[in-house]
Amino acid sequence: MELNNVKEAFGTALPDDGAAVDVLIAGAGPTGLALGIDLARRGVRALIVERQDRLSPGARGTGLQPRSQEVYDDLGVLDTVRAAGGLYPKTALWENGRITETTEMIERVDPTPAIPYSNTLMVPQFRNQELLYERLRELGGEVLFGTELTAFDQDSTGMTARLRRADGAERTVHGAYLVGTDGGRSTVRRALGARMSGPSLEPGAVVLADVRVDGLDRDHWHRWPLANGGFVSLLPLAGTDYFQSFIVAFAEAPDLSPETVHAQLVAHTHLGAEQIREVLWTSLYRPKAGMVDAYRHGRVFLAGDAAHIHSPAGGQGLNTSVQDAYNLGWKLGQVLRHGAPDALLDTYHAERRPIAERILDTSTRLHRSRELRRGRDLHQLDIGYRDSPLTRELRTDLAEGIPVAGDRAPDAPCSTADGKPTRLFDAFRGPHFTLLDLGGAGVDDTALPAAPDLLRLVRVGGPTPDLIDTDGHIRDAYGPGPAVLLIRPDGYLALAAPPEDATAQVTAALGTYLGADLAPAAR
């Protein structure tokens, strides 16, 4: 079986007692689904269990930042997500039944050769999840809905989990690792005894609702200020015929019934009762912020909201969560399929927790300031791992602006040796490492693994190029070279080295990632 096929192995029923998986994932939100996709394409046998009987409803978090769009590109889901989404419209401020001001709350940025996805994409979270789930199933994966993780144990050989269906049926599943992606009230986190700590946010409550509205244009994000400093807003949701409503007005938890939400929208906007046609879904949000001290507990990992909770200010939570999965997925694949040392998994905490701390600071600052304008500083393109134990920068005298080891690897349009247009992201896409030989650095490919699912050597320029830097975009993004750059499967520079002794430096770096599969194949 080339790709993971959970559906084939388990179908829609619980596995028999004693069944084994490589990775058990608790929770089928965006984090769990993204992790399932990444593991599936690596041939890792994963099983996702979800307590609810379906994917979570509601638009919830709608912003997909540019860096997350690059992740979705690699996972093979971006085209469908972009088709389902759209850009955020201008904000219209209403007073006395008319629009008095319009502003560009979400800054629009022109794409560049290095940054092809430059704007925040609006996608309702329920649709985001549906498309991730479809991609998971394309790869042979499946989710066991109506299945709750109730308990687990672990030892040096693996973990054992107890699962319970809604009808009370129970089974035991064995696996190598467990990942808790089960949200802010994580069962996995509580069972571990991992406590969250973080800044305190002022008490309050925000009502979210998905509603159908008549007589309101879909070219604006509509906003009505309230006398108490709160506001009501209606955002036209891309790809749907309804709006997402925020009612920021309550100190205490209100009644979330459709009738009460309907009445509040009528009371706080200029819309008549007949124009609020239908309230489809409601939810209550109370401001919380925090993160766990450790992302890894032996054979158990925490990711997404199970590891960190943010204010929604700035649209960072979902994006940070999906990128947790993207960081952990390739590392689990290397350990489980390619013999990499278990210590590689420790770098998940070492790399991702500082990111969560930074994002937590940002979202908390925005929450407290009540600043609504959002710029490119929230796009997460500047996130990197320069201080990671996996990062090695060996070059000197670099020009300003050239990415160093630990930074995101930029895109660049170019062409193949026979003149066909392509781009670097096409070379990076997939579960493999990419080795860029820039300007004829002279890497000896006979000393490297020959399996393309592990490592792909791409020569840019030189006597036998794979890619031609037709318009100089690679030079602009990475410098003139010559140099050797090792790109991780998650699109960050792991190693950057000058041409001198480059082959030995690459081989040493690969030993950290490839383990038993480091040896070059016979040619």
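Residues numbered from 1 in each chain as written. Predicted model: local features only at pLDDT ≥ 70, side-chain atom pairs only at ≥ 80, totals over all residues. Heavy atoms only, no water.

### With respect to the overall build of the protein chain
- When helices and strands are tallied, the protein chain shows 12 helices and 29 strands.
- At 24 Å, the protein chain has a C-alpha radius of gyration in line with the 24 Å of a compact globule built from 523 residues.
- On the principal axes, the C-alpha backbone points of the protein chain span a range of 75 × 60 × 40 Å.
- Each of the 523 residues in the protein chain was classed as buried or not, and the buried ones make up 56%.
- Taking contacts inside the protein chain between residues at least 6 apart in sequence as the whole, the part at least 24 apart equals 70%.
- As presented, the protein chain carries roughly 21300 Å² of accessible surface, and 48% of it is formed by carbon and sulfur atoms.
- Within the protein chain, the 69 negative side-chain charges are centred at a point lying 3 Å from the centre of the 54 positive side-chain charges. (Helix = DSSP H or I, 4+ residues; strand = E, 2+ residues; numbered from the N terminus. Rg over C-alpha atoms; globule rule 2.2 N^0.38 Å. Buried < 20%, exposed > 50% of the residue type's maximum accessible area, 1.4 Å probe, protein only. Contact = heavy atoms within 4.5 Å. Areas by Shrake-Rupley, 256 points an atom, 1.4 Å probe, with all protein chains shown as cover. Lys, Arg positive; Asp, Glu negative; His and termini not counted. Charge placed at Lys NZ, Arg CZ, Asp CG, Glu CD.)

### Points about the nonpolar core
- Within the largest apolar cluster, 113 residues are counted, with the highest numbers of intra-cluster contacts made by Leu24, Tyr478 and Leu486.
- In this structure Leu486 touches Phe433, Thr434, Leu435, Leu455, Tyr492, Leu493, Ala494, Leu495, Ala509, Leu510 and Tyr513, once residues within four positions along its chain are discounted.
- If you look at the next biggest cluster of nonpolar residues, it comprises 18 residues, including Trp94, Ala209, Leu226 and Val261. (Core = buried A, V, L, I, M, F, W, Y, C linked by side-chain atoms within 4.5 Å.)

### A word on the pairing of strand 23 (residues 413–416)
- Sheet topology places strand 23 next to strand 24 (residues 421–423); three bridges connect them, and they run antiparallel. If you follow Ser415 over to strand 24, its bridge partner there is Pro421. (Pairing = 2+ DSSP bridges.)

### Points about the confidence of the model for the protein chain
- Confidence along the protein chain averages 90 in pLDDT terms, with 92% of residues attaining 70 or more.
- Contacts for the low-pLDDT stretch residues 1–12, under 50 throughout, to residues beyond four places or in other chains number 35 contacts. (pLDDT = per-residue confidence, 0-100.)

### Examining the pattern of salt bridges
- Inspection of the entire model under this criterion finds 34 salt bridges.
- Taking the shortest distance from any N to any O, the salt bridge between Glu70 and Arg67 comes out at 2.7 Å. Pair noted here: Glu70 and Arg67 are both in helix 3 (residues 66–75), with a separation of three residues, about one helical turn. Of the two residues, Glu70 and Arg67, neither departs from the other in class, the shared state being buried. (Salt bridge = Lys/Arg side-chain N within 4 Å of Asp/Glu carboxyl O.)

### Structural notes on the sheet that holds strand 7 (residues 121–122)
- Strand order in the open sheet made by the three strands is 3-7-4, with antiparallel pairing throughout. At either end of the open sheet lies a strand with only one pairing partner, and these are strand 3 (63–64) and strand 4 (86–87).
- In this sheet, strand 7 lies alongside strand 3 in antiparallel orientation, the contact comprising two bridges. If you follow Leu64 over to strand 7, its bridge partner there is Leu121.

### Thoughts on a positive patch on the surface
- On the surface, Arg185, Arg190, Arg286 and Lys288 cluster together into a patch of positive charge.
- Inspection of the secondary structure puts Arg190 in helix 6 (residues 187–192). (Patch = residues over 30% accessible without salt bridge, like charges linked within 9 Å, V, L, I, M, F, W, Y side chains within 5 Å.)

### Things to note about helix 8 (residues 317–338)
- Between the first and last C-alpha of helix 8 there are 32 Å, a value that for 22 residues agrees with the 32 Å anticipated at 1.5 Å per step.
- For helix 8, the buried fraction is high: 20 of the 22 residues fall into the buried class.
- Directly beyond the C-terminal end of helix 8, a positive phi value near 75° is found at Gly339. (Expected span 1.5 Å × (residues − 1).)

### Digging into the packing of aromatic side chains
- The tally for this structure, following the rule as stated, stands at 12 aromatic pairs.
- Arranged with centres 5.5 Å apart and planes meeting at 55°, the rings of Tyr295 and Tyr348 form a pair that is tilted. Within this pair, whereas Tyr295 is found in the loop between strand 18 (290–292) and strand 19 (296–297), its partner Tyr348 is found in helix 9 (residues 346–369), the two being separated by 53 residues in sequence. Note on accessibility: Tyr295 and Tyr348 belong to one class, buried.
- On the basis of an interplanar angle of 45° and a centroid distance of 6.2 Å, the ring pair of Phe425 and Phe428 is categorised as tilted. (Phe/Tyr/Trp six-rings, centres within 6.5 Å; stacked < 30°, edge-to-face > 60°.)

### Brief notes about unusual backbone geometry
- Its identity as a non-glycine residue notwithstanding, Asp397 has a phi of 55°, on the positive side.
- You can see Asp397 is positioned in the loop between strand 22 (392–393) and strand 23.
- For Asp397, a relative accessible area of 78% gives the class exposed.
- Phi at Asp501 takes a positive value of approximately 60°, unusual for a residue other than glycine.
- Topologically, Asp501 is positioned in the loop between strand 29 (493–497) and helix 12 (502–514).

### Some words on the sheet that holds strand 21 (residues 308–309)
- In space, the three strands of this open sheet follow the order 12-18-21, with antiparallel pairing throughout. Only two strands of the sheet have a single partner each, and these edge strands are strand 12 (196–197) and strand 21.
- As paired elements, strand 12 and strand 18 share two bridges and run antiparallel to each other. Across the sheet, the residue bridging to Met196 is Val292, located in strand 18.

### What about the side chain of Ser56?
- If you trace the backbone, Ser56 turns up in the loop between strand 2 (46–50) and strand 3.
- Among the polar contacts made by the side chain of Ser56, one reaches the side chain of Gln52 at a distance of 2.8 Å.
- In this structure Ser56 touches Phe126 and Gln129, once residues within four positions along its chain are discounted. (Polar contact = N/O pair within 3.5 Å; in protein donor to acceptor, adjacent residues only side chain to side chain.)

### Quick notes on the packing of helix 3 against helix 8
- Running from amino to carboxyl end, helix 3 crosses helix 8 at an angle of 40°, the nearest separation of the two axes being 10 Å. Judged by the angle between their axes, helix 3 and helix 8 are oblique. At the point where helix 3 passes helix 8, the crossing takes the left-handed sense. Listed contacts from helix 8 to Arg67, Ser68, Val71, Tyr72, Asp74 and Leu75 of helix 3 are Asn319, Val322, Gln323 and Tyr326. (Axes fitted to C-alpha atoms, helices over the stretch in contact; angles between N-to-C directions. Parallel < 35°, antiparallel > 145°, perpendicular 65-115°, else oblique. Left-handed = near helix turned anticlockwise from the far one by under 90°.)

### Concerning the side chain of Glu70
- Taking relative accessible area as the criterion, Glu70 reaches 5% and is therefore assigned buried.
- In contact with Glu70, not counting residues within four places along its chain, are Pro116, Tyr117, Leu381, Arg408 and Phe425.

### A word on helix 12
- An ideal rise of 1.5 Å per residue puts 18 Å on 13 residues; helix 12 measures up with 18 Å between its terminal C-alpha atoms.
- Those residues of helix 12 that fall on the buried side of the exposure criterion are Ala502, Thr503, Val506, Ala509, Leu510, Tyr513 and Leu514. All buried residues of helix 12 lie within an arc of 130° about the axis, which places them on one face of the element.
- Packed against the buried residues of helix 12 are helix 8, strand 22, strand 25 (433–438), strand 26 (455–460), strand 28 (483–487) and strand 29.
- Of the residues flanking the end of helix 12, it is Gly515, one or two places downstream, whose phi is positive at about 55°. (Arc of directions from axis to C-beta.)

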